[in-house]
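Inside the fold
For reference, the chains in residue letters:
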Amino acid sequence: MKEVIIGLEVHVQLNKLRSKLFCSCSTQYHDSEPDTHTCPVCLGLPGALPVTNGKAVDNAIKVALALNCNIEEWTMFYRKNYYYPDLVKGFQISQYDYPIATNGSISLDMEGGERIIRIKRVHMEEDPGKLVHVGTIDKSRYSLIDYNRSGMALLEVVTEPDLRTPKEARLFLNKLKNILEYLDVFDSSLEGSLRVDANISLAGGARAEIKNISSYKGVEKALLFEIVRQNNLVRRGVKVVQETRHFDEVRGITISLRTKEGEEDYRYFPEPDLVPITIADRVDDIKKTLPELPDAKRQRFVLQYGISDNHAKVLISELGLANFFETVATEVDANLSATWVADILKGELNYRDLDISAFSPNHMVQILQVLKKDTITENGAVQVIRTILDEGGTPSEIVKIKSKDLLKMDVDASENITLRVIEENPGAFQDFCKGKNEAMHFLMGQVMKETHGTVNRSTVIELLNKSKKEKLQNAPDNHREA
Amino acid sequence: MNVDGIREMLQNGKSVEELVHSIFDKIEHSKLNAFVTLAKESALEEARRVDKHGAKGMLGGIPIGIKDSISTKGIQTTCCSKILEGYVPPYDAHVIERLKAEGAIIIGKTNMDEFAMGTSTETSRFGPARNPWDLSRVPGGSSGGSAAAVAGGEVPLALGSDTGGSVRCPASFCGVVGLKPTYGLVSRYGLIAYANSLEQIGPFAGNVKDVALLLDVISGYDSRDSTSMTKKCEYLKELKDDVSDVKIGVPKEFFGEGIDEKVEKAVWGGIKALEDMGASYTEISLPHTKYSLAVYYIIAMSEASSNLARFDGLRYGLRLGKDKDWHTTFSEIKAQGFGEEVKRRILLGTYALSAGYYGKYYLKALKVRTLIKRDFEFALKDTNVLITPTMPFPAFKIGEKIGEPLALYLADVNTVPINLAGVPSVSVPCGFAGKLPIGMQIIGRHFDEATILRTAYVFERNGGG
Ligand SMILES: [Zn+2]
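To keep things clear, this report deals only with the structure shown in the data block. (Residues numbered from 1 in each chain as written. Chains lettered and ligands numbered in written order. Predicted model: local features only at pLDDT ≥ 70, side-chain atom pairs only at ≥ 80, totals over all residues. Heavy atoms only, no water.)

Observations regarding the packing of helix H9 (residues 292-307) of chain B against helix H12 (residues 359-382) of chain B
All names here are of chain B. With their axes 9 Å apart at the nearest point, H9 and H12 run at an angle of 130° to one another. In terms of orientation, H9 lies oblique with respect to H12. When the axes of H9 and H12 are compared, the crossing they make is left-handed. Between H9 and H12, the residues in contact are Ser292, Val295, Ile298, Ile299, Ser302 and Glu303 and Tyr361, Tyr362, Ala365, Leu366, Val368, Arg369 and Ile372, respectively. Within the contact of H9 with H12, the residues separate by chemical class into 9 nonpolar, 2 polar and 2 charged. (Axes fitted to C-alpha atoms, helices over the stretch in contact; angles between N-to-C directions. Helix = DSSP H or I, 4+ residues; strand = E, 2+ residues; numbered from the N terminus. Parallel < 35°, antiparallel > 145°, perpendicular 65-115°, else oblique. Left-handed = near helix turned anticlockwise from the far one by under 90°. Contact = heavy atoms within 4.5 Å. Nonpolar A, V, L, I, M, F, W, Y, C, P; charged D, E, K, R; others polar.)

Some words on the interface of chain A and chain B
Of the residues lining the interface, 32 residues belong to chain A; the matching set on chain B comes to 38 residues. Of the roughly 2,700 Å² buried between chain A and chain B on both sides combined, carbon and sulfur atoms contribute 59%. Per-residue buried area on chain A facing chain B is highest for Pro46, Tyr83 and Arg267 of chain A; these three make up 24% of the total on that side. For the salt bridge of Asp273 of chain A with Arg188 of chain B, the shortest nitrogen-to-oxygen distance reads 2.9 Å. Joining chain A to chain B, the criterion identifies 16 residue pairs in polar contact (both at pLDDT 80 or more). Where the side of chain A that touches chain B is concerned, the elements lending two or more residues are strand S4 (78-81) and strand S15 (269-270) of chain A. Broken down by element, the residue count for the side of chain A that touches chain B peaks at 3 residues, all from S4 of chain A. (Buried area = accessible area lost by both parts, 1.4 Å probe. Salt bridge = Lys/Arg side-chain N within 4 Å of Asp/Glu carboxyl O. Polar contact = N/O pair within 3.5 Å; in protein donor to acceptor, adjacent residues only side chain to side chain.)

Here's the deal with the coordination of the zinc ion
All names here are of chain A. On the protein side, the zinc ion has Cys23 (SG), Cys25 (SG), Cys39 (SG) and Cys42 (SG) as donor atoms, found 2.3 to 2.4 Å from it. One can describe the donor arrangement at the zinc ion as tetrahedral, given that its 4 donor atoms subtend angles of 101 to 116° at the metal. Along the chain, the residues that donate to the zinc ion are spaced as C-x1-C-x13-C-x2-C. Taken individually, Cys39 and Cys42 each receive the classification buried, so the pair is uniform in this respect. (Donors = N, O, S within 2.8 Å, 3.2 Å for Na, K, Ca; no water. Tetrahedral: all angles 85-135°; square planar, octahedral: opposite > 155°, others 65-115°. Buried < 20%, exposed > 50% of the residue type's maximum accessible area, 1.4 Å probe, protein only.)

With respect to the environment of Leu420 of chain B
All names here are of chain B. For Leu420, the location among the structural elements is in helix H14 (residues 416-421). With 44 residues separating them in the primary sequence, Leu420 and Phe376 have C-alpha atoms 10.0 Å apart. Setting aside its immediate chain neighbours within four residues, Leu420 contacts Leu198, Ser292, Val295, Tyr296, Ile299, Arg369, Ile372 and Lys373.

Concerning the pairing of strand S12 (residues 208-213) of chain A
All names here are of chain A. Relative to S12, strand S11 (residues 194-202) is paired through 4 bridges, and the arrangement is antiparallel. Among the inter-strand pairings, Ile200 is bridged to a residue of S12, identified as Ala208. Hairpin connection from S11 to S12: 5 residues lie between these consecutive antiparallel strands, with Gly204 at a positive phi of about 85°. Here 4 bridges tie S12 to strand S13 (residues 243-248), and the two strands are oriented parallel to one another. From the neighbouring strand, Lys211 faces S13, where its bridge partner is His246. In this fold, the crossover linking S12 to S13 by way of helix H3 (residues 216-235) has left-handed handedness. (Pairing = 2+ DSSP bridges. Right-handed = clockwise from strand over helix to strand, strands pointing away.)

By themselves, these are just geometric observations and shouldn't be taken as functional.
Given below as structure tokens:
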């Protein structure tokens, strides 16, 4: 197999901004009727002029800083001229020479160790409108256009061709998403928030550019398909040609759109309606507002809370989860918190396709506190979590209602049941007193069966040992026998 | 017809409604073809409102004509192109908001060269406008309708737009005053772009005072135009009968080959008259002037090729019967909607921006533009105005030059350097060649409209023109 070379151009919507990139239209259009979030500027009406959203520039600088980029002294916009029905002006306001930032990097935590993926450039541009088709694009008799998206601020992050596997590409995107969400500039849950163009080639061969992949999983799938396709061509002795391809999400395949000869000439030139923006003087202030980023947080969690790196890695994968953990860990034991948040709660959430906002950190604290006091068992604590997620309620209510199942039996009740089991199984108790392990397991099983697992093993063992001791003291004959 | 005259009429009992009625009556019987769309209903409604509540604002009850390239909410705006047929803007340009706020009454949209690409108002889809001094001649362009309407007494004020001379040329040909403000003084928000980095909206009137008044209304900062700037003064207040501090520079390159002898003589006469009134003059040189036309046309056409891409008939404007696939539909709409001159400029501009040519043409033009700008800055250090002929010749016959695009481009030789430099310039009447008016161009420092308007005002008051 030849080495695979992958580079990505990732378009992320800066969808946490209140207004679009060049007008004051609201960005909150996702649940709205088509064309309701538009104005003369984002509809490209004759005579309307763009004005740069300063907050968008600040957010772009934030991202550039988080990606370890060089930030230029000043930046400017260009017109990228091409025709497409979703493009209202016949050109897109984008960047060309003098992009906002260059030469950054993202580090990936791979099995084989750390991998540094270089970022070539980061630039801003406006989003076109959205084409809507009845059925699929090739079957639909007409296109509908929704201009709500037109003029949304996009950030394009371009990597060097440093990625080697589709999995690396997916991890890169996850890491990028992670960083953007930490910076509070991006909400990945919104439709159309991310679109990827992927360049892929086999060492020595021509590259294919797969355009407009709209999901994280789609990128991995498209690249896997492309590797097989290009390898098959090489095996059959057919030359791979440089071309632009489309990824069909439904069928999971890529289809040729155009070859190199059909490449467009975008006739870039400086946007005359906008003036160059000096950014160097803002960078220091923005740097001060940068939050702790995922890698730094992971290190701090291990150092400050003494939890394992594996737990830290899971906890920082979502900012909400990391914050949840810290809230809980300040109230109860950090290692216990890490286990319960990263392993158990995260698993229950994933199973239900929920995110961490579905659970209150206060509830987690209460559950872990009663667990620590031995008032409920581990099994009981899991039951409480499940009940809250499925039916709602608070830990104390649930513990009260389901006390029979969940409440740890008081020591007297445990003792009664244990003594009854001993009485009912004299032979086994005899064996236990002789030090036979299987007998201990048997008795334990019986106690657990009677109590539905609501007592602690250690309590039962304590009781069994106490009875053994008493028996040995009260019956010297038996002792001698033994 | 001027603003003071109208105010006097209104004070003597004439109602604004009567005035507006008489204006529409005049326009409807006019041979000038200066107006292409009339806003009768809204104008009369506004007139009645003023009659009821009294004239308020700097232009209360004063009628005005608006070039068809400036967006007017509810009034069809087409740049006199077939491709914008039926387009009614849902918003007002900044200058229109300002006019309405000051009580002006918008009479209608004035004729122009299609997308402001021309020097004669002959490429309009509504047919050519005519020069009030000689109906067989052009009124100049591209804002020919606005100049003709003012010169013909149809309205006292009008707005045009000037990308390479489009206000000053028709002002010169029609014998009225027309100003191209400093780039950035008047917001372009709502002006349908021909060449964004060059153009400004500018006022027309029959006299300098009214131009200053209209400039007061439309100028100043607008947050919707990133190239807009704050103004420094109120222009009407700055008009004084004194030019003793005015140092005139006379650039020899603007009096060279191709300038009509009568024009040259009239403008020199104007300069001498100003000297008599207390100004001084020196002959100077703007050495990069010879590159102006080439630089101007490369920049203007390049920007135009991109600006005009949006007109595809998809969201507004021309529709042709049955729609075919998108590519075919928009190609046919462009083929039928754009006129010859517009197509020529789109093609040339597209070529100039293409891969491999961008550096050779557009980028080079930008560099030479900087040199031209420096010429002006340098010349205006020791002088505070420059005076030249506005146009090399008086108004020509309709049809006379339309077949020779290059000859027409050459007519802009004295006006385009001013747009490249971004400085302000006013054209004032300065005598006649036979019965045809001649225009004198007074150019100033960046944002120093006050001095050029004052110079023009003194010239006008003391028997110039
Ligand atoms: Zn908008």
